Amino acid sequence: MNDSLRTDAHNQQQNAYDVETDIQSNTSLAPKRAHLQLAIEGMTCQACASRIEKVLNKKPAIYEVSVNFAGETANVDYDPTQTTPEQVTEWVNKTGFIANLQAADSLFAQTDEDTATQYPWRLIGLWVCLVPFLVGMAGMLVGQGMAWMPPVWIQFVLATIVQFGLALPFYKSAWASIKGGLANMDVLVVIGTVTIWAYSTYLWLTHGDGTLNSLLQSGHAGGHGIDGSPAVYFEAGVMVIAFVRTGKYLEERTKKHSLNSIDLLLSLTPDEVEQQQPNGDFHNVALQEVQVGDILRAKQGSRVATDGIVIDGSGWCVESHLTGESVPLKKEQGDGILAGALVENGSLLYRVRAKGSDTKLGDMVQALSDAQGSKANLARLADRVTAIFVPVVVTIALVTFGLTWWLTGMVDTALMHAVSVLVIACPCALGLATPAAIMAGMGVAARHGVWFKDAQSLEAAGSIDTVVLDKTGTLTIGKPTIVDQVMVDKSLAVDDVLQIAASVEAHASHPLATALINAATERHLPLMNVTDISVIKGAGIQANIEGLGLVKVGTAEFANLTLPKLMPKVWQIASTVAISINDEALGAFALADDLKADTPQAITALQDAGINVILMSGDKQSVVDHVAGQLGIAQAYGKMSPRNKASQVALLQTAGHKVAMAGDGVNDAPAMATADASFAMFEGTDVAQHSASARLMGESLMHIDAAQKIANATVRNIKQNLFFAFIYNCLGIPLAAFGFLNPMIAAAAMALSSISVLMNALRLTRFKTKVELDNTVSNSRACPQTKQ
């Protein structure tokens, strides 16, 4: 190192520096907070989810609860000093449901028995009992009247088996909901069908002289008052229960399979792997038996089972399940590979670094599970409606019964109208409207390399009209290189100044810092020991080096450097990193960074979607203007501190804009926290990823365009579902009250309403970006491949 430089530094007085930063710590004031996820069994509608939330929210130890009816999960934030996960589980169980703790590796430990759909014996029994009634009703359609309907006593036996045997789960759920203080849909079904059964049984028992022979002989014409038989309606109750149960079964299958992206992710890892034995041979073993450090083999066409390091062989792997990018990546010795990656070509030996929930795939599965279990703001409206839905419907049914009886004088007609009101009312469609779409949307976003933190984040991203972008590492590759340098004292060696700067920048996480460190490494310059490190957001980093003093590395202003006015053109379009010791400037480096290959395409796609794109950077204005001019961005702001960025975002929000911020560094965190939605770039700092509402798992900026379009489609789908659910109930209940729908049709319509909401949500799973659509068109135009 230059001797004069060290001598001057020794002659300087060393003082303590009080550094003002934007970082404030309230850690000591923060309450202890823990999170757990429960799998809930037994929920039949949104009222069930609301009941669990109501019970848990009354507990002082609970901070926040979100129960997802569609996902059958509960996310609970609680105070671990006041309660335990086991206690929370017990509280849920007391509400009449079955809660199970989701262990850390539970998603990867499911067995075939766990995930298989149980054979629907109860549903089959319901339809067996319904068949005789269907035959009788078919006779009515072909002009046979009630001749094909079974005798009333057989109808009574079949209806009783259904009502008090096969329909037992309805009774259990209804009773549990009443005890919990929030009546659910099953209460309506039980009240309606029991009323039909009791009324029909009364008419049958009071018909004739009351003897057993009279009861067995009555109703050979099938009931309904024909040929002197009693006017019974046993078939209505049986059909209502059968239709409702069928709807629930189909709904359950849709939620667990078609809507559940988690199962698709879990299927990416093989059940068996080729494990190298001590003698060098390979044996097939179950994935559960694999331990960290084992050596596995992945051949062409197979999937990587764990995260690991390639130790031999080479191949091309597709990691689109995590990054959303389908371009194969070359993997050779020393490269990392991810669980679930498809080996398109070649053969790899890799050492297991992480398995199960500890893998990147496991992190994604858990993040997706937590996000799907969260609740969007749009769901609050449905929650408020379902909370009062059942009492209102029961009241309408009672009013319908009283008015119809009073106007017609016919108690059976009044009863059928009232039961139709009870049966057609469906809070399930309202309850499923939001979570079903959220589950589908989250899965599609994950497939495109976007991990939303929760439902509110996805909902916010769907309404943005402005996107604010950082420059370095967001629009650019984030790997700048030194293209020029200037020294204040020409006698100073460039390598000496670079060594000092790299030693301090080794403790920063900005791409410019990485560039200086890499340059020092290439020149074989050893890094020096530093102390008292302090990062000044938006300005630079400072630290003490023994024998030198306080070293500042960052902007020219931060390092007290004034650059000459006449500088080479490259300094106008390159980023500047200046260095000073004890506030005496030493020099500066010019670093240039190339744009990412698809950055222009991404900016164009966002602008074509009506999104206003703004560039904000801490870099000097000339550099920012140059990049903005290349990309066609009209608004570009340079020399922006973290506080300036956050303030500018707040101003945009005040003007009525919905703003998203995308960045990768510590200096982007305040603006990301202020924005309505925020995206952390791949391999961004931990602070940026923690502040962001979504993480982008690939380098491509097209992920932001995909995230916005997926979120927009999801919000639109939610609104469609809510509209349908509200219209269905607003039209269906009056039609039933005025007698236009009998209980059987009402039951079928009720089941169909939930299925239709789920089918609409499933449309999201077919979402494709413009790039995917263009690729599909290109492939369809390509010549067909010859058979191998």
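Presented here is a report on the structure given in the accompanying data block. (Residues numbered from 1 in each chain as written. Predicted model: local features only at pLDDT ≥ 70, side-chain atom pairs only at ≥ 80, totals over all residues. Heavy atoms only, no water.)

Within the protein, the secondary structure is distributed over 28 helices and 24 strands. Looking at the protein as a whole, 52% of its 788 residues are labelled buried. Looking at the protein alone, contacts between residues at least 24 apart form 70% of all its contacts between residues at least 6 apart. Working note: accessible area of the protein is about 35,700 Å², and carbon and sulfur atoms make up 56% of it. (Helix = DSSP H or I, 4+ residues; strand = E, 2+ residues; numbered from the N terminus. Buried < 20%, exposed > 50% of the residue type's maximum accessible area, 1.4 Å probe, protein only. Contact = heavy atoms within 4.5 Å. Areas by Shrake-Rupley, 256 points an atom, 1.4 Å probe, with all protein chains shown as cover.)

Further remarks concern the sheet that holds strand 14 (residues 481-487). Spatially, 6 strands are ordered 14-19-18-17-16-15 in an open sheet, and the strand pairing comes out antiparallel. In the strand order of this sheet, the two ends are held by strand 14 and strand 15 (531-536), each with one partner. Ignoring strand direction, the axes of neighbouring strands in this sheet form an average angle of 15°. Looking at chain direction, strand 18 (residues 575-581) and strand 19 (residues 584-592) are connected through 7 bridges and run antiparallel. Bridge pairing in strand 19 places Thr 576 opposite Ala 590. Along the sheet, helix 19 (residues 511-522) contacts strand 14, strand 17 (549-554), strand 18 and strand 19; its crossing angle with strand 19, the most-contacted strand, is approximately 100°. (Pairing = 2+ DSSP bridges. Axes fitted to C-alpha atoms, helices over the stretch in contact; angles between N-to-C directions.)

By size, the foremost hydrophobic cluster in this structure holds 84 residues, and its most contacted members are Ile 40, Met 43 and Val 76. Ranked by the residues each element gives to this core, the list is headed by helix 8 (residues 185-205), at 10 residues. Counting residues in each nonpolar core, the second largest holds 49 residues, with Ala 437, Val 627, Ala 636 and Leu 696 among its members. (Core = buried A, V, L, I, M, F, W, Y, C linked by side-chain atoms within 4.5 Å.)

Let us look at the packing of helix 21 (residues 599-608) against helix 26 (residues 702-737). At a minimum axis separation of 8 Å, helix 21 and helix 26 run at an interaxial angle of 25°. What the angle tells us is that helix 21 and helix 26 run roughly parallel. Relative to helix 26, the crossing made by helix 21 is left-handed. Packed against helix 21, whose contacting residues are Gln 601, Ala 602, Ala 605 and Leu 606, the element helix 26 presents Met 702, Ile 704, Asp 705 and Lys 709 at the interface. In the contact of helix 21 with helix 26, the residues fall into 5 nonpolar, 1 polar and 2 charged. (Parallel < 35°, antiparallel > 145°, perpendicular 65-115°, else oblique. Left-handed = near helix turned anticlockwise from the far one by under 90°. Nonpolar A, V, L, I, M, F, W, Y, C, P; charged D, E, K, R; others polar.)

A word on the environment of Asn 612. By the secondary structure assignment, Asn 612 is in strand 20 (residues 612-616). Judged by its relative accessible area of 32%, Asn 612 is partly exposed. Dropping the residues within four chain positions of it, Asn 612 is found in contact with Asp 465, Thr 466, Val 467 and Gln 635.

We now examine the pattern of salt bridges. Tallied over the full model, the rule gives 12 salt bridges. In this structure, Asp 77 engages Arg 33 in a salt bridge whose closest nitrogen and oxygen atoms are separated by 3.5 Å. A residue pair is termed long-range when its members are at least 10 positions apart, and Asp 77 in strand 3 (residues 73-78) and Arg 33 in the loop between helix 1 (3-10) and strand 1 (34-41) qualify at 44 residues. Lys 299 is the partner of Glu 274 in a salt bridge, and the nearest nitrogen-oxygen pair spans 3.5 Å. Within this pair, whereas Glu 274 is found in strand 5 (residues 272-276), its partner Lys 299 is found in the loop between strand 7 (295-298) and strand 8 (307-318), the two being separated by 25 residues in sequence. Looking at Lys 299, the relative accessible area reads 40%, which means it is partly exposed. Salt bridges here are not isolated pairs; linked through shared partners, they connect Arg 33, Glu 64 and Asp 77. (Salt bridge = Lys/Arg side-chain N within 4 Å of Asp/Glu carboxyl O.)

For the rest of this paragraph, the subject is the packing of aromatic side chains. This model, assessed by the stated rule, comprises 6 aromatic pairs. The interplanar angle of 70° and the centroid separation of 6.0 Å between the aromatic rings of Phe 156 and Phe 234 together place this pair among those described as edge-to-face. Of this pair, Phe 156 sits in helix 6 (residues 152-166) while Phe 234 sits in helix 10 (residues 234-258), placing them 78 residues apart in sequence. Relative accessible area serves as the criterion here: at 21%, Phe 156 is assigned to the partly exposed category. Classification of Phe 234 by relative accessible area gives buried; the value is 1%. Judged by centre distance (4.9 Å) and plane angle (85°), the ring pair of Phe 164 and Trp 197 falls under edge-to-face. (Phe/Tyr/Trp six-rings, centres within 6.5 Å; stacked < 30°, edge-to-face > 60°.)

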